[in-house]
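Fold and geometry: a report
The chain contents come next:
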Amino acid sequence: MKITEIINMQRPILSFEIFPPKPGADFEPVLKAAEAIAKLQPDFISVTYGAGGGTSANTVKIASFIQQLGVTALAHLTCASSTKGEVETVLHQIKQNGIENVLALRGDIPEGSDFPQPNQYRYASELVEHIKKSSDLCVGGACYPESHTESNNWTEDILNLKKKTDMGCDFLTTQMFFDNNILYNYLYHIREAGITTPVFAGIMPVTNGKQITRICQLSGTILPQRFRAIVDKFGNKPEAMQQAGIAYATDQIIDLIANGVKGIHVYSMNKPEVAEKIAENLSEIIGTKQR
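Just so it is clear, the structure is predicted and the values come from calculations on it, not from any experiment.

1. A few points about the pairing of strand β4 (residues 101-105)
Burial analysis of β4 places 5 of its 5 residues in the buried class, which makes it a mostly covered element. By the alternation rule, side chains of β4 split into Asn101, Leu103 and Leu105 and Val102 and Ala104, which are all buried. Alignment of strand β3 (residues 73-78) against β4, held across 4 bridges, turns out to be parallel. The partner of Thr78 across the bridge, within β4, is Leu105. As a crossover connection, the stretch from β3 through helix α4 (residues 84-96) into β4 is right-handed. Judged from the 3 bridges that link them, β4 and strand β5 (residues 138-143) form a sheet pairing that is parallel. Note that in β5 the partner of Val102 across the bridge is Val139. Each parallel crossover has a hand, and for β4 linked through helix α5 (residues 124-134) to β5 it is right-handed.

Shown next as structure tokens:
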């Protein structure tokens, strides 16, 4: 099923994310995590491309496995670490495996590389344009409520997003954020700019106090004081931090749905127990019991 079809359903949408194992790591735990999350019957599960494209070979394999479990899969595809020919090869594999949805990203530029080469796509908008012209795949893109770290300012970032949606992007998924007011403000401004593409709110349940500092440094995400207090209090207590992080994420999601945000994408970090708690907390609000 295409995600555009899911968006048209008259109810909130809940999805989760899986990332492939690191090169040389055991593959089986990731498949087990995917299977456990699939049992929750989310609307779709996305599969990342891996840092620098390093685990990209497994993305299609995992996405295909998810589809065999009866859940719609969304395969990530980045262009910064791939030539145009390599992108075409992956797209062929995606179509061969019956996957109908792709998240088109530029991705991280590999260290020490001279990017872009003549045989590479420079921007995600170029990748979106190619996919839409060469296939009937449903194509998603990323957006950044706190602006992309490489953008000079917010206005420039929104103009770049408009280019991406003008190329045919069917839906957008946000970078994680921890203050819903940031998203509401962002949605207002992109709609003012003429961007009407459906937006999924990206939510990360923080279960590791040490990890969040590095993530925020890389993404430019701001931590509100309320959330900082939670990390300061429970960051060194893994079980308490997991419980608090899930509670905070649940609170965010409930507020988003109450304020008309229909699509929720949870960065579940290959943790079925986190996905299960989120789904359980939303069982009546989002209707996960009935799926």
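That was the structure; now back to the text.
2. Side note on the sheet that holds strand β1 (residues 13-18)
Ordered by their spatial adjacency, 8 strands build a closed barrel running β1-β2-β3-β4-β5-β6-β7-β8, and the pairing between neighbours is parallel. Here the strands of the sheet are splayed against their neighbours by 30° on average, with no regard to which way each runs. Its contacts with the sheet place helix α2 (residues 28-38) against β1 and β2 (44-47), and it is angled at close to 170° to β1.

3. Let's talk about the packing of aromatic side chains
Evaluation of the coordinates by the stated rule reveals 5 aromatic pairs. Relative to Phe200, the ring of Phe44 has its centre 5.5 Å away and its plane inclined at 85°; by these criteria the two rings are edge-to-face. Linking Phe44 in strand β2 with Phe200 in strand β7 (residues 199-203), this pair joins segments that are 156 residues apart in sequence. This pair shows no difference in class: Phe44 is buried, exactly as Phe200 is. When the ring of Phe227 is compared with that of Tyr248, the centres are 4.8 Å apart and the planes differ by 65°; the resulting orientation is edge-to-face. Taken together, the positions of Phe227 in helix α9 (residues 225-234) and Tyr248 in helix α10 (residues 238-258) put the pair 21 residues apart, joining distant regions of the chain. Take Phe227 and Tyr248: they sit in the same class, and that class is buried. Over the face of the ring belonging to Phe27 we find Lys61, whose NZ or CZ atom lies 4.3 Å from the ring centre. Over the face of the ring belonging to Tyr121 we find Lys84, whose NZ or CZ atom lies 5.1 Å from the ring centre.

4. Points about the nonpolar core
Ranked by internal contacts, the top residues of the largest apolar core, which has 64 residues, are Leu77, Ile131 and Ile264. The leading source of residues in this core is α2, at 6 residues. Here Leu77 is in contact with Tyr49, Val87, Val90, Leu91, Val102, Leu103, Ala104, Leu105, Leu127 and Ile131, once residues within four sequence places are set aside. One finds Met204, Phe227, Val231 and Tyr267 within the second-largest nonpolar core, a separate group that totals 15 residues.

5. Here's the deal with the environment of Ile222
Summarising the element assignment, Ile222 is placed in the loop between α8 (209-219) and α9. Each C-alpha atom, one on Ile222 and one on Lys133, is 37 Å from the other, the two residues being 89 residues apart in sequence. Residues in contact with Ile222, not counting those within four places in the same chain, are Glu146 and Phe178.

Conventions and cut-offs
- Residues numbered from 1 in each chain as written.
- Predicted model: local features only at pLDDT ≥ 70, side-chain atom pairs only at ≥ 80, totals over all residues.
- Heavy atoms only, no water.
- Buried < 20%, exposed > 50% of the residue type's maximum accessible area, 1.4 Å probe, protein only.
- Helix = DSSP H or I, 4+ residues; strand = E, 2+ residues; numbered from the N terminus.
- Pairing = 2+ DSSP bridges.
- Right-handed = clockwise from strand over helix to strand, strands pointing away.
- Axes fitted to C-alpha atoms, helices over the stretch in contact; angles between N-to-C directions.
- Contact = heavy atoms within 4.5 Å.
- Phe/Tyr/Trp six-rings, centres within 6.5 Å; stacked < 30°, edge-to-face > 60°.
- Lys NZ or Arg CZ within 6 Å of the ring centre and 35° of its normal.
- Core = buried A, V, L, I, M, F, W, Y, C linked by side-chain atoms within 4.5 Å.

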